[in-house]
Amino acid sequence: MRFVPVFALLAPWLLFEPLIHPMRMGKAVIGIVTALLCLAITPLAIGAPQMRPALSVIGGVLAVSNFFIPDSLSVMASHVASGAILMLIGSAPAPFSTYTREGEGPGPVTSTARALLHEPQSDPA
């Protein structure tokens, strides 16, 4: 979930990058296809962490495409940075939650009064 804002900026960047500066047709196609694939996979990857490696693979393909279709320095830097971001998003661990029953231990402390009840403070004087 914490990468959703990053990807919300990355997908439009890859989609509309050919309009911002000139690039080869192959680089434009790779960028647009990458953005469309990620738009389809990212919502799935939020709910199913098994889909996250697909984002890493797509990012790797985007970054490595510079070796096969070289272009201007700005386009190649953009694709390497975008690919690296996608690889980081894909390799991030899935968040997890743990639950305890109400009867086990004091449970989470939600107020100062409850904290003092369960763990009284010693008098500094």
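Residues numbered from 1 in each chain as written. Predicted model: local features only at pLDDT ≥ 70, side-chain atom pairs only at ≥ 80, totals over all residues. Heavy atoms only, no water.

Draft legend 1. The arrangement of the overall build of the protein chain in detail. Secondary structure summary: the protein chain contains five helices and zero strands in total. For the protein chain, the succession of helices and strands along the chain, N to C, is α-α-α-α-α. A total of 125 residues make up the protein chain; the buried ones form 28% of that total. The contacts of the protein chain with a sequence gap of at least 6 include a subset with a gap of at least 24, amounting to 64%. (Helix = DSSP H or I, 4+ residues; strand = E, 2+ residues; numbered from the N terminus. Buried < 20%, exposed > 50% of the residue type's maximum accessible area, 1.4 Å probe, protein only. Contact = heavy atoms within 4.5 Å.)

Draft legend 2. Structural view of helix H2 (residues 25-47). For H2, built from 23 residues, the straight-helix expectation of 33 Å at 1.5 Å per residue is met to within 8% by its first-to-last C-alpha distance of 34 Å. Of all the bends in H2, the largest measures some 30° and sits at Ile41, one to four residues before the proline Pro43. What H2 keeps buried is the set Lys27, Ala28, Gly31, Thr34, Ala35, Cys38, Ile41, Thr42 and Ala45. Each element contacted by the buried residues of H2 is listed here: helix H1 (4-20), helix H3 (52-68) and helix H4 (73-91). (Expected span 1.5 Å × (residues − 1). Bend = angle between axes of the 7 residues up to and from the residue.)

Draft legend 3. View of a nonpolar patch on the surface. Together, Met25, Val29, Val33 and Leu37 line one region of the surface with nonpolar side chains, adding up to about 380 Å² of accessible area. Mapped onto the secondary structure, Val33 falls in helix H2. (Patch = residues over 30% accessible without salt bridge, like charges linked within 9 Å, V, L, I, M, F, W, Y side chains within 5 Å. Areas by Shrake-Rupley, 256 points an atom, 1.4 Å probe, with all protein chains shown as cover. Salt bridge = Lys/Arg side-chain N within 4 Å of Asp/Glu carboxyl O.)

Draft legend 4. Main features of the confidence of the model for the protein chain. Mean pLDDT over the protein chain stands at 80; residues scoring 70 or higher make up 72%. Within the protein chain, helix H5 (residues 112-118) has the poorest average pLDDT of any element, 61, and H3 the best, 91. (pLDDT = per-residue confidence, 0-100.)

Draft legend 5. Structural view of the environment of Leu10. Mapped onto the secondary structure, Leu10 falls in helix H1. For the pair Leu10 and Gly83, spaced 73 residues apart in sequence, the C-alpha to C-alpha distance is 9.9 Å. Among all residues touching Leu10, those that are not within four sequence positions of it are Ser82, Ile85 and Leu86.

Draft legend 6. Region of the structure containing the environment of Ala84. By the element assignment, Ala84 lies in helix H4. The class for Ala84 is partly exposed, based on a relative accessible area of 32%.

Draft legend 7. Region of interest: the packing of H3 against H4. Direction vectors running N to C along H3 and H4 enclose 160°, while the axes themselves pass 7 Å from each other. Compared by their axis directions, H3 and H4 come out roughly antiparallel. Viewed along their axes, H3 and H4 form a crossing whose handedness is left-handed. Contacts between H3 and H4 involve Arg52, Pro53, Leu55, Ser56, Ile58, Gly59, Gly60, Leu62, Ala63, Ser65 and Asn66 from the first element and Met76, His79, Val80, Ser82, Gly83, Leu86, Met87, Ile89, Gly90 and Ser91 from the second. When its residues are assigned to classes, the contact of H3 with H4 shows ten nonpolar, ten polar and one charged. (Axes fitted to C-alpha atoms, helices over the stretch in contact; angles between N-to-C directions. Parallel < 35°, antiparallel > 145°, perpendicular 65-115°, else oblique. Left-handed = near helix turned anticlockwise from the far one by under 90°. Nonpolar A, V, L, I, M, F, W, Y, C, P; charged D, E, K, R; others polar.)

Draft legend 8. Spatial organisation of the nonpolar core. Counting 13 residues, the largest nonpolar core has Phe7, Leu10, Leu14, Cys38, Leu55, Ile58 and Leu86 as the members making the most contacts within it. In contact with Leu55, not counting residues within four places along its chain, are Cys38, Ile41, Thr42, Ala45, Leu86, Met87, Ile89 and Gly90. (Core = buried A, V, L, I, M, F, W, Y, C linked by side-chain atoms within 4.5 Å.)

Draft legend 9. A look at the packing of H1 against H4. As a packed pair, H1 and H4 sit with axes 11 Å apart at the nearest point and diverge in direction by 145°. As for how H1 packs across H4, the hand of that crossing is left-handed. On H4, the residues that touch Val6, Phe7, Leu10, Trp13, Leu14 and Glu17 of H1 are Val75, Ser78, His79, Ser82, Ile85, Leu86 and Ile89. Along the lines of polarity and charge, the residues of the contact of H1 with H4 split into nine nonpolar, three polar and one charged.

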